[in-house]
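Residues per chain are reported as follows:
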Amino acid sequence: MTDARPQLIPPSPSPAVPAKRWAYVIPVAAIMYMLAYLDRNNVSVILPYMHGDLELSNADKGLAGGIFFVGYVFLQIPAAILAQRWSARKTVLILMVAWGLAASLSGLVQTKSQFYAARFVLGFFEGGVWPAVLILLASWFPLRERARANALWMACLPLSSVLMAPLSGWMLDHASWRWVLVLQGMPPLVWALVWWFAVADRPAQARWISRAEADHVERSIAADEAAKPPAGSGSYLDAVKQKSVLVLIGVYFFWITGFYGFNLWLPSVIKELTHDGSSTEVGLLTAIPFTIALAVMIANAAWSDRTGRRRQAVAVPLVVGIAALLLGQAVDGALPRMLLLCVTAAAVYAPYGPFWAIPGQLLRFEVVAVAMGLINALGNLGGFAGPYLVGWLTDATGSSVTGFAVLSGFLAVAVALVTLGLRTGTRPVRRLSEEAPEGA
């Protein structure tokens, strides 16, 4: 099937239009979610060093990492709707305080069941943050900037691992895992104050933005919305019944299964490569793949915005990730395996910015909130499946090879869905300036 006429989006702002939103909105949101990602993923560094305190098998460790995503499901759609209809700024603030307290309390557990419950509660409160921030960014950045805005914000994911994996490792050399969890839950409580004073729901409400920039952003976003097709009657149900939304849920589920299955077990694999090195050494080495992932993630998003090729920007990196995952199980030697871990990390992080630009390109603002909440809620169940599968298969086979081979299969399904299931609707975009001058 051939694509229809390219969708029009507003032209780039003239040099006279300032762009303070890139320096205000993105960094504050990125640091906020970097702290969330720390409280979510610090368990991957801590688990190899719990020394049997809670008597966790590999399957138990996988369950502890994955049960977070069961709790993660519940607030996705409610928080997205609150962010759209009430306030993204206030929604995130409430959730930030709640998850910080839950993260600190997880260091006080005494039994395996309590640890599972703490991880579930942490996921419950963190779950609404992602869609709420996506709604916030949709009010600040037009479609032609959306993949870059998403990727710069989502750069907090690998950046958190780059900075915090060595920190967690160093802390584990000087304190118990309990104290590490307690202390790392406190920064969100402090950053909540910065968030409250620095972030506004939309340009018209921000004190630091110029009227020229606010007017330009609002006109550009209004033009984006006018160019989108209606979602049936405009109801949430009509939006989520669209084929493209269902496909995106499937893509995200299979991708995230591979993503978190790899992420949770990466420190354990590196610990094995270093022949049981110190936690500081493992933390520092774990930061290397994520540093590379950070650069690739931003470059891929910039290419996606420049060309409008969202599907390719998702599918191609995942194909590379599949090859690296499989090859990593076949080669010997610490250096080749470490290089392939770096390639895999870059590949599974690279699609983030382009992928989350797709819903905003397909759906109008009044319905995109619930669609993104649903995609994130159901897709992130893969965050439960991936870690648990790898842990269970490692216990069953005595090796992580089978688990990582299964993860590559999940990534392959994601590639097939995004390539074959989104043939239309995510076509390259063309700027209005190609047909008419701005304001014409």
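Everything numeric here is computed off the predicted structure, so don't read it as measured data. (Residues numbered from 1 in each chain as written. Predicted model: local features only at pLDDT ≥ 70, side-chain atom pairs only at ≥ 80, totals over all residues. Heavy atoms only, no water.)

**A word on the packing of helix 4 (residues 76-105) against helix 6 (residues 129-138)**
Consideration 1: The interhelical angle for the contact between helix 4 and helix 6, taken along N-to-C directions, is 120°, at an axis separation of 8 Å. One way to sum up the angle between helix 4 and helix 6 is to call them oblique. Handedness of the crossing formed by helix 4 with helix 6: left-handed. Only Val129, Pro131, Ala132, Val133, Ile135 and Leu136 of helix 6 make contact with helix 4, whose side of the interface consists of Gln76, Ala79, Ala80, Ala83, Gln84, Ala88, Thr91, Val92, Leu95 and Trp99.
Consideration 2: A class-by-class count of the residues in the contact of helix 4 with helix 6 yields 13 nonpolar, three polar and no charged. (Axes fitted to C-alpha atoms, helices over the stretch in contact; angles between N-to-C directions. Helix = DSSP H or I, 4+ residues; strand = E, 2+ residues; numbered from the N terminus. Parallel < 35°, antiparallel > 145°, perpendicular 65-115°, else oblique. Left-handed = near helix turned anticlockwise from the far one by under 90°. Contact = heavy atoms within 4.5 Å. Nonpolar A, V, L, I, M, F, W, Y, C, P; charged D, E, K, R; others polar.)

**Some points on the confidence of the model for the protein**
Consideration 1: The share of residues in the protein with pLDDT of 70 or more is 86%, and the mean pLDDT across the chain is 80.
Consideration 2: Taken together, the stretch residues 1-16 has pLDDT below 50 and engages in 47 contacts with residues farther than four places along the chain or on a different chain.
Consideration 3: This model gives residues 424-440 a pLDDT under 50, and the stretch forms 47 contacts once residues within four places in sequence are excluded. (pLDDT = per-residue confidence, 0-100.)

**Structural notes on the packing of helix 1 (residues 21-46) against helix 8 (residues 156-174)**
Consideration 1: Following both chains from N to C, one finds helix 1 and helix 8 inclined at 50°, their axes separated by 8 Å at the closest point. As far as their axial angle goes, helix 8 and helix 1 are oblique. Judged by the sense of rotation from one axis to the other, the crossing of helix 1 with helix 8 is right-handed. On helix 8, the residues that touch Ala30, Tyr33, Met34, Tyr37, Leu38, Asn42, Val45 and Ile46 of helix 1 are Cys156, Leu157, Leu159, Ser160, Ser161, Leu163, Met164, Ala165, Ser168, Gly169 and Leu172.
Consideration 2: Grouping the constituent residues of the contact of helix 1 with helix 8 by class yields 14 nonpolar, five polar and no charged.

**Here we look at helix 2 (residues 58-66)**
Consideration 1: Burial within helix 2 is extensive, with seven of its nine residues counted as buried.
Consideration 2: Turning to helix 2, its buried residues number three or more, namely Ala59, Asp60, Lys61, Gly62, Ala64, Gly65 and Gly66. (Buried < 20%, exposed > 50% of the residue type's maximum accessible area, 1.4 Å probe, protein only.)

**Side note on the packing of aromatic side chains**
Ring pairs (aromatic) are described by centroid distance and by the angle formed between their planes.
Consideration 1: Enumeration according to the criterion identifies 27 aromatic pairs in this entry.
Consideration 2: Note on Trp130 and Trp356: the rings are 6.0 Å apart at their centroids and 65° apart in plane angle, and the pair reads as edge-to-face. Here Trp356 lies in helix 17 (residues 352-362) and Trp130 lies in helix 6, a separation of 226 residues in the sequence. For the pair Trp130 and Trp356, a shared accessibility class is recorded, and that class is buried.
Consideration 3: With a centroid separation of 6.3 Å and an interplanar angle of 40°, the aromatic rings of Tyr349 and Tyr352 are classed as tilted.
Consideration 4: Given the relative accessible area of 0%, Tyr349 is considered buried.
Consideration 5: Feature note: the residues Tyr33, Trp130, Trp153, Tyr252, Trp255, Phe259, Phe290, Tyr349, Tyr352, Phe355 and Trp356 constitute an aromatic cluster, connected by ring pairs.
Consideration 6: We note Arg89 situated over the ring of Trp196; from NZ or CZ to the ring centre the distance is 3.6 Å. (Phe/Tyr/Trp six-rings, centres within 6.5 Å; stacked < 30°, edge-to-face > 60°. Lys NZ or Arg CZ within 6 Å of the ring centre and 35° of its normal.)

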